[in-house]
Amino acid sequence: MYEKTTVIIFANDLVCKGNTKKWITEIFFSKSCFFFSENCKFHNYLLSLPLFLRIFNNQNAMVIGVFCSACQQLDNDFFQLTEEFGRWAASQGHSIVYGGVGLGLMETLARAVSQAGGRTIGVVPRIAASRGSSYTQVEIPCDNLSDRKQIMQDQSDAFVAMPGGIGTLDEIFTVAASATIGYHHRPVILYNMKGFWQPLLRMLDDLQATGVIRSQWTDYIRVASTLEEVARLLDA
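Now for a look at the structure at hand. Numbering of residues starts from 1 in each chain and follows the order in which that chain's sequence is written. A pLDDT threshold of at least 70 governs which residues receive local features in this predicted model, and a stricter bar of 80 or more applies before side-chain atom pairs are shown or counted, although totals over entire chains, interfaces and linings include all residues. Note: side-chain values were computed over all heavy atoms of the structure, leaving out hydrogens and water.

### Here we look at a nonpolar patch on the surface
Where nonpolar side chains cluster on the molecular surface, the patch consists of Phe-173, Met-203, Leu-207 and Val-212 and spans about 320 Å² of accessible area. Tracing the backbone through its elements, the reader meets Phe-173 in helix α6 (residues 166-180). Residue Phe-173 is classed as partly exposed on the basis of its relative accessible area of 30%. Within the patch definition used here, like charges are joined within 9 Å and nonpolar side chains (Val, Leu, Ile, Met, Phe, Trp, Tyr) within 5 Å, considering only residues with over 30% relative accessible area and no salt bridge. Values of accessible area rely on a 1.4 Å probe in the Shrake-Rupley scheme; residue burial ignores everything except the protein chains shown. Any Lys or Arg side-chain nitrogen found within 4 Å of a carboxyl oxygen on Asp or Glu counts as a salt bridge. Helix and strand assignments follow DSSP, with helices taken as H or I runs no shorter than four residues and strands as E runs no shorter than two, numbered in order from the N terminus. Each residue's exposure class comes from its accessible area (1.4 Å probe, protein chains only) as a fraction of the maximum for that residue type: buried when under 20%, exposed when over 50%, partly exposed otherwise.

### Quick notes on the nonpolar core
Core analysis: the biggest nonpolar cluster contains 30 residues, and Ile-64, Phe-85, Ile-96 and Leu-234 have the highest contact counts within it. Elements supplying a minimum of two residues to this core: β3 (63-67), α3 (76-91), β4 (95-98), α4 (104-115), β7 (158-161), β8 (188-191) and α8 (227-235). Looking at this core, the element that brings in the most residues is α3, giving six residues. Residue contacts are defined here by distance: any two heavy atoms, one from each residue, within 4.5 Å place the two residues in contact. When sequence neighbours within four positions are dropped, the list of residues in contact with Ile-96 reads Ile-64, Val-66, Phe-85, Ala-89, Leu-109, Val-113, Arg-119, Thr-120 and Ile-121. Buried Ala, Val, Leu, Ile, Met, Phe, Trp, Tyr and Cys residues form a nonpolar core when they are joined through side-chain atoms within 4.5 Å. One finds Val-123, Ile-172, Ala-176 and Trp-217 within the second-largest nonpolar core, a separate group that totals 23 residues.

### Some thoughts on α6
By this rule, a helix spans an expected 1.5 Å times one less than how many residues it contains. Taking 1.5 Å of rise per residue, 15 residues should cover 21 Å, and α6 covers 21 Å from first to last C-alpha, within 8% of that figure. Residues Thr-168, Glu-171, Ile-172, Val-175, Ala-176, Ser-178 and Ala-179 constitute the buried set of α6. Burial along α6 is one-sided: seen end-on, the buried residues are contained in an arc of 155 degrees. Buried-residue contacts for α6 involve β3, α5 (145-155), β7 and β8. As used here, the arc is the angular range of directions from the helix axis to the C-beta atoms.

Right, dumping it as structure tokens:
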């Protein structure tokens, strides 16, 4: 497992905690940590982290934002499918940006990615800092859930939503709504494990039928029932 890097935000500056010289050496030789200058401003950081990840992996790799549940009492198949996704992402050189909490599908995802040699970036609200995952290599504290969503959106090339509750729905619709008005043109994928998202799909169809969704909702949200379908949509 890679050494964990904690990124701390002070007054819109990002500072890495630890021995800076040691980290710089690791970036260029073992690639196990990330370094950000103490003078690196917040908006520059948001643009540069995906670039760092591509340099350290390969130019075809993606930074995938994953939304999912932090609950433990879920169908065991959801955990197995999440683990499968994590191993696949790592095998393709993709990095994962996620909520950073060490519970539920979040922890399963981070563990699978990390153990398969991939990179994980956890965006953790300060109120949940004590529940952070030990499988996060880069940890970014944030003030609240709105900050978390913005950081994840700015860092990600694509978004995949696994089973989750109110928080996951909030994240899905935030990035999908951003796409509808042109803030980004990145794929938003519902990973419909065992039909988990079917009630949501029916609701979206009903909203479409009433005319409150302009154009087709499928223009902004894609649906995949298997890992192979997720991979195909990410490559499209």
